[in-house]
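Below, each chain spelled out in residue letters.
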Amino acid sequence: MARTSLDKVWEAHAIRTLPSGQTQLLIGLHLIHEVTTPQAFQMLKDLGLKVRMPERTFGTLDHIIPTLSQGRPFADPMAEEMAVQMIRNSKDFGLPLFDLDSGRQGIVHVIGPELGLTQPGMTIACGDSHTSTHGAVGAIAFGIGTSQVRDVLATQCLAMARPKLRQIRVEGALAKGVYAKDVSLTIIGKLGVKGGVGYAYEYAGPAIERMTMEERLTICNMSIEGGARCGYVNPDQTSFEYLRGRPYAPQGAAFDRAVTWWKSVATEAGASFDDVARLDGSAIEPVVTWGINPGQSVSVSQRIPSPESAPEPERPTYREALAFMGFEAGQPIKGTRIDVAFVGSCTNGRLSDLRAAAEVAKKGKVAKGIRALIVPGSQQVAKAAEAEGLHEIFQAAGFQWRKAGCSMCLGMNDDKLQGREICASSSNRNFIGRQGSPTGRTLLMSPAMVAAAAITGAVTDVREILR
Ligand code: SF4
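Below is a summary of the structure that appears in this document. Residue numbers run consecutively from 1 along every chain, following the written order of its sequence. Residues qualify for local features only when their pLDDT is at least 70, as the model is predicted, and side-chain atom pairs are given and counted only at 80 or more; totals for whole chains, interfaces and linings, by contrast, use all residues. Values shown for side chains rest on all heavy atoms present in the structure; no hydrogens or waters enter the calculation.

### Considering the packing of helix α13 (residues 351-361) against helix α14 (residues 379-388)
Okay, so step 1: Between N-to-C directions, angles cover 0 to 180 degrees, with each direction set by a line fitted to C-alpha atoms, over the stretch in contact for helices. A run of DSSP states H or I qualifies as a helix once it reaches four residues; a run of E qualifies as a strand once it reaches two. Both are numbered from the N-terminal end. Interhelical geometry of α13 versus α14 gives an angle of 40° and a closest axis separation of 9 Å. One element, α13, and the other, α14, form an angle in the oblique class. For the element pair α13 and α14, the recorded crossing hand is right-handed. Of the residues in α14, those touching α13 at Leu351, Leu354 and Arg355 are Val381, Ala384, Ala385 and Glu388.
Okay, so step 2: Residues were grouped as follows: Ala, Val, Leu, Ile, Met, Phe, Trp, Tyr, Cys and Pro as nonpolar; Asp, Glu, Lys and Arg as charged; and all remaining residues, including Gly, as polar. Each residue belonging to the contact of α13 with α14 can be placed in one class, and the counts come to five nonpolar, no polar and two charged. Any angle from 65 to 115 degrees is called roughly perpendicular, while one under 35 is roughly parallel, one over 145 is roughly antiparallel, and all others are oblique. Left-handed is the label given to a crossing in which the near helix is rotated counterclockwise from the far helix by less than a right angle, and right-handed is the label when the rotation is clockwise. Residue contacts are defined here by distance: any two heavy atoms, one from each residue, within 4.5 Å place the two residues in contact.

### Quick look at the pattern of salt bridges
Okay, so step 1: Salt bridge, as used here: a side-chain nitrogen of Lys or Arg that lies within 4 Å of a carboxyl oxygen of Asp or Glu. The full count for this structure, using the stated rule, is 21 salt bridges.
Okay, so step 2: The partner of Glu11 in a salt bridge is Arg3, with the nearest N and O atoms 2.5 Å apart.
Okay, so step 3: Residue classification places Glu11 among the partly exposed positions, given a relative accessible area of 46%.
Okay, so step 4: The salt bridge involving Asp92 is made with Lys45; its shortest N-O contact spans 3.1 Å. Remark: Lys45 occurs in helix α2 (residues 38-47) and Asp92 occurs in helix α3 (residues 77-93); sequence separation between them is 47 residues.
Okay, so step 5: Classification of residues uses two cut-offs on accessible area relative to the type maximum, computed with a 1.4 Å probe and protein chains only: under 20% is buried, over 50% is exposed, and between them is partly exposed. Residue Lys45 is classed as partly exposed on the basis of its relative accessible area, which comes to 34%.
Okay, so step 6: Taken together, the shared-partner salt bridges in this structure form one network comprising Arg169, Glu171 and Arg278.

### Some remarks on the side chain of His13
Okay, so step 1: Within the secondary structure, His13 sits in helix α1 (residues 5-13).
Okay, so step 2: Relative accessible area serves as the criterion here: at 11%, His13 is assigned to the buried category.
Okay, so step 3: Among residues more than four places away in sequence, those in contact with His13 are Gln24, Leu25, Leu26, Gly121, Met122 and Thr123.

### Some details on the nonpolar core
Okay, so step 1: By size, the foremost hydrophobic cluster in this structure holds 58 residues, and its most contacted members are Trp290, Ile338, Leu354, Val360, Phe394, Phe399 and Leu443.
Okay, so step 2: Setting aside residues up to four positions removed in sequence, Phe394 forms contacts with Leu354, Ala357, Ala358, Ala361, Ile374, Phe399 and Trp401.
Okay, so step 3: Throughout this description, the term nonpolar core refers to a set of buried Ala, Val, Leu, Ile, Met, Phe, Trp, Tyr and Cys residues connected via side-chain atoms within 4.5 Å. Leu31, Cys220, Leu243 and Ala277 belong to the second-largest nonpolar core, a separate cluster that totals 44 residues.

### Thoughts on the side chain of Gln435
Okay, so step 1: For Gln435, the location among the structural elements is in the loop between β18 (422-425) and β19 (441-444).
Okay, so step 2: Polar contacts, as used here, are pairs of N or O atoms within 3.5 Å; protein pairs need one atom able to donate a hydrogen and one able to accept it. Residues neighboring in sequence count only if both atoms are side-chain atoms. Within the structure, the side chain of Gln435 is placed 2.8 Å from the backbone oxygen of Met408, a separation counted as a polar contact.
Okay, so step 3: Look past the residues within four positions of Gln435 in its chain and what remains in contact with it is Phe342, Met408, Cys409, Gly411, Asp415, Lys416, Leu417, Cys423, Ser425, Ser427, Arg441 and Thr442.

### A few points about the layout of surface pockets
Okay, so step 1: Roughly 380 Å³ of internal volume is contained in the largest pocket.
Okay, so step 2: The pocket and cavity definitions rest on a 1 Å grid over protein atoms only: a 1.4 Å probe that fits but cannot leave marks a cavity, an open set with protein on both sides within 12 Å along at least five of seven lines marks a pocket, and residues lining either have an atom within 4 Å of a point. Gly192, Val193, Lys194, Asn293 and Glu314 are, among the 18 residues lining the largest pocket, the residues nearest its centre.
Okay, so step 3: Elements with a minimum of two residues in the lining of the largest pocket: α6 (180-191) and α11 (315-325).
Okay, so step 4: Taken together, the residues of the lining of the largest pocket break down into seven nonpolar, seven polar and four charged. Grid points are joined across faces, edges and corners, and a volume is the space filled by probe spheres set on the points.

### Considering the sheet that holds strand β9 (residues 164-171)
Okay, so step 1: Spatially, β11-β10-β9-β12 is the arrangement adopted by the four strands of the open sheet, whose pairing is parallel. Both edges of this open sheet fall to β11 (230-233) and β12 (275-280), since each of them pairs with a single strand only. The sheet shows a mean angle of 20° between the axes of neighbouring strands, taken without regard to direction.
Okay, so step 2: The criterion for strand pairing is that DSSP finds at least two bridges linking the strands in question. Pairing between β9 and β12: six bridges, direction parallel. Within the sheet, the bridge partner assigned to Val170 lies in β12 and is Leu279.

### Quick word on empty space enclosed by the protein
One simple way to see leftover space: roll a probe sized like a water molecule over the atoms.
Okay, so step 1: Using the criterion set out here, one finds one cavity of 30 Å³ or more in the structure.
Okay, so step 2: Estimates place the volume of the largest cavity at around 50 Å³.
Okay, so step 3: Lining the largest cavity are Ser184, Ile187, Ile188, Tyr201, Tyr203, Ile219, Met222, Ser223 and Gly226.
Okay, so step 4: Examining the composition of the lining of the largest cavity, we find that three residues originate from one element, α6, more than from any other.

### A word on the packing of aromatic side chains
Okay, so step 1: Planes of paired rings set the category: under 30 degrees apart is stacked, over 60 is edge-to-face and the rest tilted, where pairs are Phe, Tyr or Trp rings (Trp by its six-membered ring) whose centres lie within 6.5 Å. All told, the structure shown has eleven aromatic pairs when counted by the stated rule.
Okay, so step 2: Between Trp290 and Tyr318 the ring centres are 5.1 Å apart and the planes differ by 70°, which places this aromatic pair in the edge-to-face class. With Trp290 in the loop between β13 (287-289) and β14 (297-299) and Tyr318 in helix α11, the pair connects residues that are 28 residues apart, well separated along the chain. You'll find Trp290 and Tyr318 in the same group, each marked buried.
Okay, so step 3: Ring pairs connect the aromatic residues Phe58, Phe98 and Tyr248, which therefore count as one cluster.
Okay, so step 4: A cation over a ring is seen here: Arg166 above Tyr199, with NZ or CZ 4.1 Å from the ring centre.
Okay, so step 5: Should the NZ of a Lys or the CZ of an Arg lie within 6 Å of a ring centre and within 35 degrees of the ring normal, that charge is described as sitting over the ring. Over the face of the ring belonging to Phe324 we find Arg420, whose NZ or CZ atom lies 5.7 Å from the ring centre.

### Focus on the site of the ligand
Okay, so step 1: For each residue, the test is whether any non-hydrogen atom lies within 4 Å of the molecule or strand; if one does, the residue is near. Taken together, His63, Ile107, His109, Asp128, His130, Ser345, Cys346, Cys406, Cys409, Leu410, Asn428 and Arg434 make up all the residues around the ligand.
Okay, so step 2: Summarising the domain contributions, the shell around the ligand has at least three residues from each of domain 1 (5-160) and domain 3 (287-466). As annotated, the domain borders come from an automatic or database domain assignment.

### Section: the sheet that holds strand β4 (residues 57-60)
Okay, so step 1: Across the sheet, five strands lie side by side as β5-β4-β3-β6-β7; this open sheet has parallel pairing. Where the open sheet ends on each side, the last strands, each with one partner, are β5 (97-98) and β7 (140-143).
Okay, so step 2: As judged from the three bridges shared by strand β3 (residues 29-32) and strand β6 (residues 123-126), these two strands associate in the parallel manner. Across the sheet, the residue bridging to Leu29 is Ile124, located in β6.

### Structural notes on unusual backbone geometry
Okay, so step 1: A cis amide bond links Arg72 to the next residue, Pro73, at an omega of -5°.
Okay, so step 2: Structurally, the position occupied by Pro73 is in the loop between β4 and α3.
Okay, so step 3: At Ser345, a position not held by glycine, the phi torsion is positive, near 90°.
Okay, so step 4: Its place among the elements puts Ser345 in helix α12 (residues 345-348).
Okay, so step 5: By relative accessible area, Ser345 is classed as buried at 1%.

And the structure:
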C-alpha cells in the first residue's frame, strides 16, 4: 500500500506503543531557547539527570533579545537573567549554543533550516508553537511544552498521539504581489483556526511545488495557527539544493547518501489521506487580518464581514473582534490607518522576505508618524541582507534596521506596541496583547504588504505599488 511521508517518518522513529495508545517517538533534533528551558533544566538538575543526546540538542537566544543594542548586560534585567541562565545551562549540560557572538544566533525556526540542522525525514521538537516551520524541508516537527522539553532533554523521546493527515493542495500559480503568507492566511481563513485540530498537514500541489524553501517555511510555520499539530512539504530537489553546503548538512558523499534516504521518505503516489482540501492558488489575493485570530481575514479588496455572515458558533468571536479592533462590519480593510509596521519573525524574517519588503521600500518613504521596523530573523540573514545593501534601502526610506531576534512578534523584549496602536505585521499571531500592549492591535499580512502600509500610512494593495 502506498505510504505517506508521515507514515514513514513516524514508523522510522517509533520505539513502542505506550499503554496510553501514544507512540514513544525518538526525536532526531531538539532545538532549545531561553524561554521554555529554565524549568526543564532545573528539573534535570533536581533529578540528577544528564541530557540524553547532547549532540542532537542545539540552543539559541531569540525571544527576549533586544534588537536595538545587544551589548551585555542587557538593559532589561529579566532578559539578562534569562540569557545568563541559558548560557549557564548550555555550559553545564555540554550543549552547543548559538550565542550573540557566534554569528549564527537568531530565531530558533530561522536558524535550524539555515544551518542545515533541520533535515528531511527527521523528527524535530522545540519548546515553541511554531516548530511546525521545520516541516518545510520534509521533517515532522512538533512544538512542545516545558515538561515535554524536560522529557526530550532527559530521554530524547516524546510520548505522542499520531495525528490524522490532511493533504492541502494548492493548485495553479500565484499572481504577482501574492506571497506564501497570503496562501497561509487563505488556508486558515478557509479551514478555520481550529480546522486542523488532530491533524498533520501535508502541503502539496503545483503552487507549493514551485515555492522556494523560504516560502515553504512560511507556509509550514503557520500550520499551528490553523490548529494543525505539524505541517510538512515532501522533500524534493528544492529541499536538497537548499540544504547542500549548509554547515550541519551532510557533506560530500554523505550528502549524496542522505539524498537517497531523503527521497525515500516522500509520500508515494496513490497514498491516501484522512482528508484532502483544495485551493486555487491563482485566485488568492493579498490577505489582511481584521480580527483577533489569524482566521479572521479578508482579501485587501474586501470589506470586513459582519458577524451575521459567520457560522453561528463564530459570531461571538466576530463581535468581540470588531469591538476590540474598533472596526465596523462592512468597512473596507484597505485604507485602515496604521501606526507601526513590523517586518520580521520566524514566519517572515528571512532574506527573501526582506528582499520583497525592500522592493516596495524603494518606491517611497515611511509615512509621517509611522514607526517602521525591519528585524532580520538571524544574524546570517542580517549579514546576507547587508551584503546586498538591503539595510541601506530600508534606512534611506526611513525604516529602522534592527538586529536579529523575535522582536515585535510578541511582547517579551523592548519592541512593543504602545496603547491602542495598530501594527501592520508580518508575524503570525494577532491575539489580544500579543505585541506587548494589552490594547494594541495587529493586522497580519505579507512583508511586502507591511512595507506598502509603512510608506502609505494605511493598508494598501501592494500590487498597485509593484505595478
Ligand atoms: S518569532 Fe514569534 S512565533 Fe517565532 S519563535 Fe519568536 S516569538 Fe515565537
